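What the coordinates show
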Amino acid sequence: MRLSRYFLPVLKETPSEAQIVSHRLMLRAGMIRQEAAGIYAWLPLGLRVLKRIEQIVREEMTRAGAIELLMPTLQLADLWRESGRYEDYGQEMLRILDRHEREMLYGPTNEEMITEIFRAYVRSYKSLPLNLFHIQWKFRDEQRPRFGVMRGREFLMKDAYSFDLDEASARKAYNRMFVAYLNTFARMGLKAVPMRADTGPIGGDLSHEFIILADTGESQVFCDAALVDMGAPGPDLDWDDLQGLVDQRTSLYAATEEMHDQARFEAEVTEGARLSARGIEVGHIFYFGEKYSKPMKAVVAGPDGVERPVHMGSYGVGVSRLMGGIIEASHDDAGIIWPDSVAPFDVGLINLRQGDAACEAACEAAYNALQARGREVLYDDSDERPGGKFARMDLIGVPWQLIIGPKGLAEGVVEIKRRATGERQTLSLEAALNRLAA
Ligand code: 5CA
């Protein structure tokens, strides 16, 4: 992408309405624009990152055996009356009348709809286990939308729903999602800690929130500090038997404020390891058994031919919220520092003297060569002065910068800079391209 042809509306001023660093940086870097309270347009740079986060989530869901579909954003109120949640959900639900005065709503979650789809097609235990997910916009009319995409009203969620014959196999489905979440967040450079959590309006009695620690987080959390650096298990696992792994991750104390028990915390965790901190909830998983299948009559016949309500769980990831969370975890005074895995571009190519024939020729060659070798390149071919170009590239956080100027070229060299460390290296153009190629 050539910057001169791109749409990257970077702000010079720090927007005063933004209270936390990720919101400020997303606005300044031209990634999002607020269209109404808690409702954002995704500008090209923001959309690139959103798509990459989404893709990591999709890959890890697929690896764990879940199957992608896509449900609509609008739902019929009658569907929610079947589960009894239409009245219960209260003011957070955006209710809409269509031209026939049929009651509809903008989905805040999809338990009812997925249960309706399941019961229409599945009759036998032989089709189980089944886990279906989608990545779709949700709407919750939050009382206090704030912190940009962290607590939006319209937001992108990955929600998966598992179906099993009994509690034991449902537990296995839960474990698969638990482990998939550890891997998902680690791929984004995040340290996410699973914590016992309250189930709220989704229901059920087994639930974990995945929390990344950040001073600006909305939740107060308590855990054994050893959990923070445990790392991810990686993909090579026996996906059918993950209980040992899950037990290992859940045996140490970790709880959100609603589930916190100070006496237990003090009894189970030595004083030096007691971590009490703010956190951002990036994922939340639930096992709720027959809560929806029973009232909605989603039943399957077991091996004995007897029909019974299917056991379900649901598993959410805050895809748009993750973008804020990643920035909270990875930035400095100059701007965002994207982990390679979610960066909007791999390389920012900076031409220090636009209009200089040698510089332009070298930049064009580098631009083409890197793209041919699988890299996404943002080529700053603007007329701005070097200082402005450096500041903008630092602000938007592209992981590598390739800097080409007349002085270096005269000596046969260019410079590369790693955004995360600030480390610079001077080398030949060819060596630089080899270093930066995919
Ligand atoms: N149906 C279940 C799981 S699929 C569910 O809705 N769970 S949830 O309410 O916990 O939401 C899942 C995830 O969506 C949360 O962990 C959070 O990361 C994200 N999320 C929830 N509300 C918002 C919001 N207002 N803005 C941005 N992200 C949100």
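Everything numeric here is computed off the predicted structure, so don't read it as measured data. (Residues numbered from 1 in each chain as written. Predicted model: local features only at pLDDT ≥ 70, side-chain atom pairs only at ≥ 80, totals over all residues. Heavy atoms only, no water.)

**Observations concerning the sheet that holds strand 23 (residues 424-427)**
- In spatial order, the strands read 20-19-21-22-23; together these five strands make up an open sheet with mixed pairing. The open sheet has two free edges, formed respectively by strand 20 (377-380) and strand 23, since each of these has just one partner strand. Along the sheet, successive strands turn relative to each other by an average axial angle of 20 degrees, direction set aside.
- Sheet analysis places strand 19 (residues 347-351) next to strand 21 (residues 400-404), joined by five bridges and oriented parallel. The residue bridging V347 from the neighbouring strand is W400, located in strand 21. (Pairing = 2+ DSSP bridges. Helix = DSSP H or I, 4+ residues; strand = E, 2+ residues; numbered from the N terminus. Axes fitted to C-alpha atoms, helices over the stretch in contact; angles between N-to-C directions.)

**Details of the site of the ligand**
- Around the ligand, the surrounding shell holds 22 residues, and the nearest of these are T109, E111, R140, G152 and E281.
- Within the side chain of R321, one N or O atom sits 3.5 Å away from a nitrogen atom of the ligand.
- When the free accessible area of the ligand is taken as 600 Å², the share hidden by the protein chains comes to 96%.
- Counting residues per element, the ones that place at least two in the shell around the ligand are strand 8 (154-164), strand 13 (274-289) and strand 16 (311-318).
- Per-element tally for the shell around the ligand: the top contributor is strand 13, with five residues.
- Residue composition of the shell around the ligand, grouped by class: eight nonpolar, seven polar and seven charged. (Near = heavy atom within 4 Å. Polar contact = N/O pair within 3.5 Å; in protein donor to acceptor, adjacent residues only side chain to side chain. Areas by Shrake-Rupley, 256 points an atom, 1.4 Å probe, with all protein chains shown as cover. Nonpolar A, V, L, I, M, F, W, Y, C, P; charged D, E, K, R; others polar.)

**Some words on helix 7 (residues 243-250)**
- Among the residues of helix 7, those classed as buried are L245, V246 and R249. The buried side chains of helix 7 occupy one side of the element, clustering within an arc of 95 degrees when seen end-on.
- At its buried positions, helix 7 is contacted by helix 6 (167-187). (Buried < 20%, exposed > 50% of the residue type's maximum accessible area, 1.4 Å probe, protein only. Arc of directions from axis to C-beta. Contact = heavy atoms within 4.5 Å.)

**Observations concerning the domain arrangement of the protein**
- Taken as a whole, the protein is organised into domain 1 (3-336) and domain 2 (347-436).
- On a C-alpha basis, the centres of domain 1 and domain 2 stand 38 Å from each other.
- Taken together, the 14 residues of domain 1 in the interface contact eleven residues of domain 2.
- Carbon and sulfur atoms make up 60% of the surface buried where domain 1 meets domain 2, a total of about 1100 Å² over both sides.
- Three residues stand out in domain 1 for area buried against domain 2, namely L3, A334 and I336, and they jointly supply 46% of the buried area on that side.
- Seen at the junction of domain 1 and domain 2, the total is two salt bridges.
- With its nearest N and O atoms 3.1 Å apart, the salt bridge here joins R48 to E376.
- Of all elements in the fold, only helix 1 (21-28), helix 2 (44-63) and strand 18 (335-336) reach the threshold of two or more residues within the side of domain 1 that touches domain 2. (Domains from an automatic or database assignment. Buried area = accessible area lost by both parts, 1.4 Å probe. Salt bridge = Lys/Arg side-chain N within 4 Å of Asp/Glu carboxyl O.)

**Remarks on the pairing of strand 7 (residues 130-139)**
- Most of strand 7 is tucked away: nine of the ten residues are buried.
- In this sheet, strand 7 lies alongside strand 3 (residues 67-68) in parallel orientation, the contact comprising two bridges. Across the sheet, E68 pairs through a bridge with F133, a residue of strand 7.
- In this sheet, strand 8 lies alongside strand 7 in antiparallel orientation, the contact comprising ten bridges. Opposite K138, over in strand 8, you have F155 as the bridge partner.

**Section: helix 6**
- Taking 1.5 Å per residue as the helical rise, helix 6 with its 21 residues ought to reach 30 Å, and the 30 Å between its terminal C-alpha atoms agrees with that figure.
- A positive phi of about 80 degrees marks G189, the residue just after helix 6. (Expected span 1.5 Å × (residues − 1).)

**Examining the side chain of S382**
- Along the chain, S382 falls in the loop between strand 20 and helix 11 (386-396).
- Its relative accessible area of 15% is what places S382 among the buried residues.
- Among the polar contacts made by the side chain of S382, one reaches the side chain of D380 at a distance of 2.7 Å.
- Other than its neighbours up to four places away in sequence, S382 contacts Q354, K389 and R392.

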